[in-house]
Amino acid sequence: MTTQTKEPSISSLSAEQEFNPWEAQAARFDLAAQKLKLDPGIWKVLRYPNREIIVHIPVLMDNGTIEVFTGFRVQHSIARGPAKGGIRYSPEVSLDEVRALASWMTWKCAVVNIPFGGAKGGIICDPKKLSQTELEKITRRYTAELIEFIGPEKDVPAPDMNTNEQTMAWIMDTYSMHMRQTVTAVVTGKPLNIGGSRGRREATGRGLMIVCNEAVRKLGMQPESTRVIVQGFGNVGSNAAKLMADVGYKIIGIGEYDGGLYNKSGIDVDALIVHRQRNGTITGFKGAEPAGTSELLVTDCDILIPAAIENVITSRNADKIKARIIAEGANGPTTAVADDILADKNIFVIPDILANAGGVTASYFEWVQDRQGFFWKESVVNEQLEDILKESFDEVVRYSETHNVNNRIAAYMLAVDRVQFTIRQRGIYA
Ligand code: GLU
């Protein structure tokens, strides 16, 4: 029986700490380290990032003025391989957020046992207010500032919030111009014709479907009678909703930042994708009733997939959540304090570092293909992805049962243990 055990020490986080992603990450890491009886020295090594880079990027804007943007790249660990992780563009980006996301990448890559460390980047900007030319200039200058810190064997960026295949193409091109040769393996999540991998775009959503299938089977449920609510209809949320609808799940609610939709008989996700392409928003879709995004989080359903931003399941709403399963498509959607409340309610949580690991797993395949110059069929990518995620799901659930901890702490323990083992094996260079 998997019981989501209550972990009392996390409840001591203050209200301000609850909403700081770095504190949220550190609280779970400390608990996992304590339970693992981690060596105090290794504890210190892993508690803080290896390297934090801050750049202030001057950009000549379309109107002729010069603007300066602040960007970050944090490399948390390179113990298990090159640093790996996305780059996000948002006005909300902060160093603490990027630090947390970089550590989550270390744990995520270790949970799925792929040979990468963890990193994350971000630029404080509002992509909605920038032209394509401005975005391109920001991206290229950011890449140029980081030129000696990234590379196929050093640190491999990928898309994240508000960045996409085009952003990766610009990074790849800028890096290649500086190296005087085409280096496709410097980033993943690229367009197909310049070294991208088949299946990468859908991989995070596909991974969510795979772990949901496993959870549903474990809890004796059937996809056809499972009602799903998805928060976020970006790359992760829309692909998860589409793939899950295709295999029979009933997607009854979809929430976006500008409004949500609800239809108890199920939303036609393909039609919604077309509507969004035409109108730039999911609102106004005829096949569902309008619904508030925060209400959708606490609406009756079987699986809740927060696939947008951090801190949406918190001490303020966790006790009202009615889902039986939470599959975290976003990074850090649940605060550490909310973990305890969900545990008390016996909700089966598939933590972010497992649930959304499909993206980086397919990124690993892309990096392998780029380095080999040999590209796989989509079915091969999808099969390998399924194997890795099923195995990781089993490992986390088994760990949780053996050590009597909740799935999140089990995933952290598994990851921290893998990373600490590597550090000890490599030794400390002096
Ligand atoms: N940004 C994605 C994540 O948070 C993908 C990272 C990658 O593919 O390197 O997992």
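Our subject in this report is the structure included herewith.

What counts and what doesn't
Residues numbered from 1 in each chain as written. Predicted model: local features only at pLDDT ≥ 70, side-chain atom pairs only at ≥ 80, totals over all residues. Heavy atoms only, no water. Buried < 20%, exposed > 50% of the residue type's maximum accessible area, 1.4 Å probe, protein only. Helix = DSSP H or I, 4+ residues; strand = E, 2+ residues; numbered from the N terminus. Pairing = 2+ DSSP bridges. Right-handed = clockwise from strand over helix to strand, strands pointing away. Near = heavy atom within 4 Å. Polar contact = N/O pair within 3.5 Å; in protein donor to acceptor, adjacent residues only side chain to side chain. Areas by Shrake-Rupley, 256 points an atom, 1.4 Å probe, with all protein chains shown as cover. Nonpolar A, V, L, I, M, F, W, Y, C, P; charged D, E, K, R; others polar. Axes fitted to C-alpha atoms, helices over the stretch in contact; angles between N-to-C directions. Parallel < 35°, antiparallel > 145°, perpendicular 65-115°, else oblique. Left-handed = near helix turned anticlockwise from the far one by under 90°. Contact = heavy atoms within 4.5 Å. Patch = residues over 30% accessible without salt bridge, like charges linked within 9 Å, V, L, I, M, F, W, Y side chains within 5 Å. Salt bridge = Lys/Arg side-chain N within 4 Å of Asp/Glu carboxyl O.

Here's the deal with the pairing of strand S3 (residues 83–90)
Taken across its eight residues, S3 has eight buried, putting it largely inside the fold. Alignment of S3 against strand S5 (residues 155–159), held across five bridges, turns out to be parallel. Residue pairing across strands places Ala83 opposite Asp155, the latter belonging to S5. Note that S3 and strand S4 (residues 118–124) share four bridges and pair parallel. Note that in S4 the partner of Ile87 across the bridge is Gly121. Where the polypeptide runs from S3 across helix H4 (residues 95–111) and back to S4, its parallel neighbour, the crossover connection is right-handed.

Thoughts on the site of the ligand
The environment of the ligand is made up of 14 residues, and the closest members are Lys84, Lys108, Pro159, Asp160 and Ser363. With respect to the ligand, the side chain of Lys108 contributes an N or O atom lying 2.6 Å from an oxygen atom. In this structure, Asp160 approaches the ligand through a side-chain N or O atom, which is 2.8 Å from a nitrogen atom. Protein contact buries 94% of the 290 Å² of open area that the ligand shows by itself. Contributions of two or more residues to the shell around the ligand are made by S3, H4, S5 and helix H13 (358–372). Taken together, the residues that form the shell around the ligand break down as four nonpolar, five polar and five charged.

A word on the packing of helix H2 (residues 21–36) against helix H3 (residues 40–47)
Two elements in contact, H2 and H3, have axes whose closest approach is 11 Å; the angle formed by their N-to-C orientations is 160 degrees. If you check the angle between H2 and H3, you find them roughly antiparallel. Crossing of H2 over H3 shows right-handed handedness. Touching Trp22, Ala26, Phe29, Asp30, Ala33 and Gln34 of H2 are Trp43, Leu46 and Arg47, all from H3.

What to know about a nonpolar patch on the surface
On the surface, Leu60, Ile66 and Val68 cluster together into a nonpolar patch covering about 300 Å² of accessible area. The residue Val68 is located in strand S2 (residues 66–77) in this model.

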